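Architecture and fold: a report
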Protein chains: 6
Amino acid sequence: MFVPYMRASASRVERFNAAHRLHNPNWSDEKNASFFGLCNNENYHGHNYRLIVKVTGEVDPESGYLLDLKLLKDIIRSEVTQRFDHKNLNLDVPDFKGLNPTAENIAYVAWHRIRKQLDNKLVLHITLYETERNFIEYDGQ
Amino acid sequence: MFVPYMRASASRVERFNAAHRLHNPNWSDEKNASFFGLCNNENYHGHNYRLIVKVTGEVDPESGYLLDLKLLKDIIRSEVTQRFDHKNLNLDVPDFKGLNPTAENIAYVAWHRIRKQLDNKLVLHITLYETERNFIEYDGQ
Amino acid sequence: MFVPYMRASASRVERFNAAHRLHNPNWSDEKNASFFGLCNNENYHGHNYRLIVKVTGEVDPESGYLLDLKLLKDIIRSEVTQRFDHKNLNLDVPDFKGLNPTAENIAYVAWHRIRKQLDNKLVLHITLYETERNFIEYDGQ
Amino acid sequence: MFVPYMRASASRVERFNAAHRLHNPNWSDEKNASFFGLCNNENYHGHNYRLIVKVTGEVDPESGYLLDLKLLKDIIRSEVTQRFDHKNLNLDVPDFKGLNPTAENIAYVAWHRIRKQLDNKLVLHITLYETERNFIEYDGQ
Amino acid sequence: MFVPYMRASASRVERFNAAHRLHNPNWSDEKNASFFGLCNNENYHGHNYRLIVKVTGEVDPESGYLLDLKLLKDIIRSEVTQRFDHKNLNLDVPDFKGLNPTAENIAYVAWHRIRKQLDNKLVLHITLYETERNFIEYDGQ
Amino acid sequence: MFVPYMRASASRVERFNAAHRLHNPNWSDEKNASFFGLCNNENYHGHNYRLIVKVTGEVDPESGYLLDLKLLKDIIRSEVTQRFDHKNLNLDVPDFKGLNPTAENIAYVAWHRIRKQLDNKLVLHITLYETERNFIEYDGQ
């Protein structure tokens, strides 16, 4: 069996549906309302989030896999999806106690949770779609 | 100018992002939790809803339009999107006082709101995507 | 070979990219500008049109095909796509001499062109997307 | 709780990935090759199939559900997805012993399998995408 | 409030529909027709363009935003969309006087227009889809 | 004609539908079944693969093209699509004699085939979607 040396990226797409509210408790209500607009609604609103997790590294020549995407799916589900799906991010998810659940900060939390479960040799990059028209990318910098 | 007689449908796609909770106050907490599962979360969760509004009728031979889709867009926005977007459907939208905000019931409310603003000669059908994999259709029956 | 009797629909998606201008020569310039808005631009604008052609009829039990979708693709291309693609609908396509190229009227022309090439036993329905958010359906009524 | 009487449709999207070959054993090899073209490849080819299952009926006023889409998902998975996914339809799936696995016939099998598990009051319609550009609809006629 | 230091990217998707013609006035008509093919049609054709604007920089720990995507949306609309939408790029848009409106050059113009409105600390990358199958990326190099 | 100096990327999307089986002949049947799971099915399964080919380089100021995407389309079709489409990758495609047709290895083969046909000044990156949720990126490293 011919075994090429190659470095590649493998990505997996997962989804979760959650409520959230953007709010900085150190700001006045007026500043929160003015800055965050509709996203500051005290009764929350919500989104179908789409998360794309990209892992980069060497492909194993024996299996032809960079990593088993079923394994990556399981990591994403246990670390992110099952914690965030059908939840209120502000009230139900301890990661956002004291952290404003903007898409940027959700990406930060998701990246660090997944990072801990991955082999150190793998590079991790995530993309988080809050809507079809707004999305965030984060790679740990 | 040649003017064909034709009957057609014209559709417009709009979106809104909202929080909701599925709950029947006449049921016990146990029955609600068992029946609605994660959707019964008392702190709410949320979705990016996609609404497709289809209007059927005769095309005006002078303009070549069934109806002006900018007009249909304005009706959808004033009747549905601006009322539901970035809202908690249970708490912020009077239409759901006493009405469980399932996708079926959201479609019911949206259809009746849009229906009132349309010419009686036009037939109305709506499709409401709650997620990319779950959607409801309703035509007033 | 087990041969079920069944009636079904088979659809094929094709695309074309064209320029057009909406204008009724029997109206004043003011009325055209007011009614058609940006679509009345005298220098034209354009779209990537997406056409979904649906044919309904009995499935041939020998082949298991309602009709060969390669054949349907060839009909759509020769009757519609090759005539409209990379064209100015108002200036280059004789079908729109004297016919305002609204999405409704483009659907009318496409339906009648395809209809002539199909077996009479088949029912024809088309959907024409002018943008991802605006589309027309027509079935010959 | 206000309980509207309404009749609606609820749809669920599922996917499966399978190999198949189109072939009629009663035809000569030449006729098979000429009629089915590349799809007649004796070594098989494959697709990511997308199945949209639409159920129509009355909405239960107590729950606000037409039916629980988790239940519909389970029916689709046990009756269709788990039987067809990552399979060779010609060799691995008994439903296609003696039945050419065209998209039309796959839709026929899927519809009848799902139909048996549904309440008689519900109307069933399915759409099967073989590719993003070719799809079949079937409702039991 | 816990305030992570992070560097991320935030993207916004916008659309515009325009007519254009590819043509180099320094070339003969024959060379233009041969090189640009159908895109050289003297009467123009058109597209639904999709523009993805990605901005990279430090996230503000107070707000949790890299930048307000409503602000980015407003910049894209005033600098690009409102100038190009429902226009003939060759005739109506001064940016293309003397500049062939290929997707590459449209991306160049859009990038430089948006660049002027952004804080110098932010990195800008754009993707321009001319069709669903053809797209350009540009980052100012 | 104003001629900007610019470096950009141009991408083209193509598709092919194929059967495959993941298997390492140096492993026991048990290890193959355990490691590759459903993908090890000895009768094959299949996918609609989507390939995005991105080329990066300088834009020619005369034409305003990085390269003619029709030319890139022809290279992709002759080097990849026509060889893989409606084929069994394990049995019909010599590139996979002795090479396990994982998405990683398919990307490797596609990249090297396209690379040979491109000008040395152009940088090549490809993305291969095996399903809508799993995809690989490769750039020759």
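Refer to the structure printed above.
The sections below set out a description of the structure shown in this document. The shown structure was predicted, so the numbers you read here are calculated from the model rather than taken from an experiment.

1. Observations regarding unusual backbone geometry
- Its identity as a non-glycine residue notwithstanding, C:Tyr44 has a phi of 75°, on the positive side.
- Tracing the sequence through the fold places C:Tyr44 in the loop between helix H1 (29-36) and strand S2 (45-58).

2. Things to note about the relation of the copies chain F and chain D
- Its rotation angle being 180°, the transformation that places chain F on chain D also includes 0.0 Å of axial translation and leaves an RMSD of 0.0 Å. Taken together, the rotation and translation relating the two chain copies correspond to the operation of a two-fold axis.
- Most of the interface of chain F is mirrored in chain D: 100% of its interface residues are interface residues there too.

3. Examining the interface of chain F and chain D
- Between chain F and chain D, the residue contacts involve 22 residues of the former and 22 residues of the latter.
- Both sides of the chain F and chain D interface together cover about 1700 Å² of buried area, and 51% of this is carbon and sulfur.
- Ranking the residues of chain F by area buried against chain D places F:Asn43, F:Asn48 and F:His86 at the top, with a combined share of 33%.
- Counting every contact that joins chain F to chain D gives zero salt bridges.
- Scanning the region where chain F abuts chain D turns up 17 residue pairs in polar contact (both at pLDDT 80 or more).

4. Let's talk about the interface of chain A and chain F
- With 27 residues of chain A at the interface, the matching set in chain F holds 23 residues.
- Carbon and sulfur atoms make up 54% of the surface buried where chain A meets chain F, a total of about 2200 Å² over both sides.
- Between the two partners, chain A and chain F, sit two salt bridges.
- Of the charged contacts in the structure, one is a salt bridge between A:Glu14 and F:Arg133, with a shortest N-O distance of 3.1 Å.
- Of all the elements in the fold, those that place two or more residues in the side of chain A that touches chain F are strand S1 (7-20), strand S2 (45-58) and helix H2 (69-84) of chain A.
- Here the side of chain A that touches chain F takes nine residues from S1(A), the largest share from any one element.
- The class makeup of the residues in the side of chain A that touches chain F is 14 nonpolar, four polar and nine charged.
- In this sheet, strand S5 (residues 134-138) of chain F lies alongside S1(A) in antiparallel orientation, the contact comprising five bridges.

5. Description of the side chain of D:Asn100
All names here are of chain D.
- If you trace the backbone, Asn100 turns up in the loop between helix H3 (89-92) and helix H4 (103-117).
- A relative accessible area of 3% means that Asn100 is categorised as buried.
- Here His23 takes part through its backbone nitrogen, which lies 2.9 Å from a polar atom of the side chain of Asn100.

6. Some words on the arrangement of the chains
- Spatially, chain A is disjoint from chain D: no contact exists, and the shortest C-alpha separation is 14 Å.
- A minimum C-alpha distance of 14 Å separates chain C and chain F, which share no contact.

7. Quick word on the relation of the copies chain A and chain F
- Rotating chain A by 120° about the axis while translating it 0.0 Å along that axis superimposes it on chain F, leaving an RMSD of 0.0 Å. The two molecules are tied by a three-fold rotation axis, judged by turn and shift.

The rules behind the values
- Residues numbered from 1 in each chain as written.
- Chains lettered and ligands numbered in written order.
- Predicted model: local features only at pLDDT ≥ 70, side-chain atom pairs only at ≥ 80, totals over all residues.
- Heavy atoms only, no water.
- Helix = DSSP H or I, 4+ residues; strand = E, 2+ residues; numbered from the N terminus.
- Least-squares fit on C-alpha atoms with pLDDT ≥ 70 in both.
- Contact = heavy atoms within 4.5 Å.
- Buried area = accessible area lost by both parts, 1.4 Å probe.
- Salt bridge = Lys/Arg side-chain N within 4 Å of Asp/Glu carboxyl O.
- Polar contact = N/O pair within 3.5 Å; in protein donor to acceptor, adjacent residues only side chain to side chain.
- Nonpolar A, V, L, I, M, F, W, Y, C, P; charged D, E, K, R; others polar.
- Pairing = 2+ DSSP bridges.
- Buried < 20%, exposed > 50% of the residue type's maximum accessible area, 1.4 Å probe, protein only.

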